[in-house]
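Working through the structure, step by step
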Amino acid sequence: MVVPPLLRAVIMGPPGSGKGTVSARIIKHFGVKHLSSGDLLRDNMQKKTEVGILAKSYIDQGRLIPDDIMTRLMLSELKGLDQYNWLLDGFPRTVAQAEALDKTCQIDTVIDLDVPFETIKRRLTARWIHPASGRVYNLEFSPPKVQGTDDITGEPLVQRDDDKPETVTKRLQAYDAQTKPVLEYYREKGLLKSFSGTETNKIWPHIYAFLLTRLPDVSQKDADTPR
Ligand code: AMP
């Protein structure tokens, strides 16, 4: 029996690109192990490990964890996943990390969610809250009855600092500057597979079809419905 080679994949995409949703669907349909650097760091911070304490000081300042620390952490985690198909999320974030990863394994494919910044901005800035009650509105999915005011009290709604257009623009620009070299690195190696679109549900069938050429769908029900 010929055993197909294990899948070594990376997923990349800016905040608000639908990366979480797509990753969850990939896990569900293809049973791959998902390793998220952000989740791993948060887990370490919660457990107050040495790495966690160090990571917190960087994350609190909105900075990246130094490459050597990050690489050691991720590569040691990957050792335990030797026998599995896996999908990396949030790592590599720099070319140095990508090079270190290349030294230990061969990446097969990099799934890049290419969603226009304007679409992401609209998505991320759609959230408005009523501070006194914590009620959350979304201008696209659950708008208030009267624009800008809370349905129950009629009081004004506000945006969290994180959701304000200027903050969102800054976050997106930072992502762009940071990850562009990594995308280029993988593009030059012919590994970058970009999926463009404005809606996750429209992008997903293409990602599903692409991965199906590599892996069987292991989800229990509706195996032929890619959702
Ligand atoms: P995330 O949940 O992926 O946005 O990660 C949260 C934070 O963890 C980031 O803002 C970084 O400070 C740090 N982080 C996550 N992944 C990496 C990485 N590959 N390299 C450096 N820092 C990282």
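Calculation criteria
Residues numbered from 1 in each chain as written. Predicted model: local features only at pLDDT ≥ 70, side-chain atom pairs only at ≥ 80, totals over all residues. Heavy atoms only, no water. Pairing = 2+ DSSP bridges. Helix = DSSP H or I, 4+ residues; strand = E, 2+ residues; numbered from the N terminus. Axes fitted to C-alpha atoms, helices over the stretch in contact; angles between N-to-C directions. UniProt positions renumbered as here; feature names shortened; annotations may be inferred. 1 Å grid on protein atoms, 1.4 Å probe; cavity = no way out; pocket = protein on both sides within 12 Å on 5 of 7 lines; lining within 4 Å. Points joined across faces, edges and corners; volume = space filled by probe spheres on them. Nonpolar A, V, L, I, M, F, W, Y, C, P; charged D, E, K, R; others polar. Buried < 20%, exposed > 50% of the residue type's maximum accessible area, 1.4 Å probe, protein only. Contact = heavy atoms within 4.5 Å.

1. Some details on the sheet that holds strand β4 (residues 109–114)
- The sheet built from 5 strands is open, its strands ordered β2-β3-β1-β4-β7 with parallel pairing. Every other strand in the sheet has two partners, leaving β2 (33–36) and β7 (192–196) as the edge strands with one partner each. Within this sheet the neighbouring strands show an average axis-to-axis angle of 20°, counted without direction.
- Alignment of strand β1 (residues 8–12) against β4, held across 4 bridges, turns out to be parallel. Note that in β4 the partner of A9 across the bridge is T109.

2. Some points on the pairing of strand β6 (residues 135–138)
- Here strand β5 (residues 127–130) pairs with β6 via 4 bridges, running antiparallel. Bridge assignment links I129 to a residue of β6, and that residue is V136.
- Linking two consecutive strands that pair antiparallel, namely β5 and β6, is a turn of 4 residues; a positive phi of about 85° is found at G134 within it.

3. Things to note about the UniProt feature "domain: Adenylate kinase active site lid" (unreviewed entry) in the protein chain
- Cross-referencing UniProt, the feature "domain: Adenylate kinase active site lid" (unreviewed entry) maps to residues 127–162 in the present numbering.
- End-to-end, the C-alpha atoms of residues 127–162 are 10 Å apart, and along that stretch the chain is 0% helix and 22% strand.

4. Details of the layout of surface pockets
- Of the pockets and cavities examined, the largest pocket occupies roughly 1,000 Å³.
- G38, R42, L64, R93 and Q178 are, among the 33 residues lining the largest pocket, the residues nearest its centre.
- When residues of the lining of the largest pocket are traced back to their parent elements, those giving at least two are β1, α1 (19–30), β2, α2 (37–46) and α7 (165–188).
- Among the residues making up the lining of the largest pocket, the classes are represented as 14 nonpolar, 11 polar and 8 charged.
- Of the voids in this model, the second largest pocket is the one considered here, and its volume is about 270 Å³.
- Taken together, 13 residues line the second largest pocket, and the ones lying closest to its centre are G16, R123, E140, F141 and T200.
- Among the elements that line the lining of the second largest pocket, the one with the most residues is helix α6 (residues 117–124), at 4 residues.
- Considered class by class, the residues forming the lining of the second largest pocket number 2 nonpolar, 7 polar and 4 charged.

5. Overview of the UniProt feature "binding site: AMP" (unreviewed entry) in the protein chain
- Sequence positions flagged by UniProt for "binding site: AMP" (unreviewed entry) are, in local numbering, S37, R42, R63, L64, I65, G90, F91, P92, R93, Q97, R160 and R171. Their sequence span is 135 residues, while the largest C-alpha to C-alpha distance among them is 32.6 Å; these annotated residues do not converge on one region. In the annotated group above, the largest pocket draws its lining from S37, R42, R63, L64, I65, G90, F91, P92, R93, Q97 and R171.
- On the basis of relative accessible area, S37 is assigned to the buried category, the value being 4%.
- Beyond its immediate stretch of four places on either side in the chain, S37 contacts M70, M74, D89, G90, F91 and R93.

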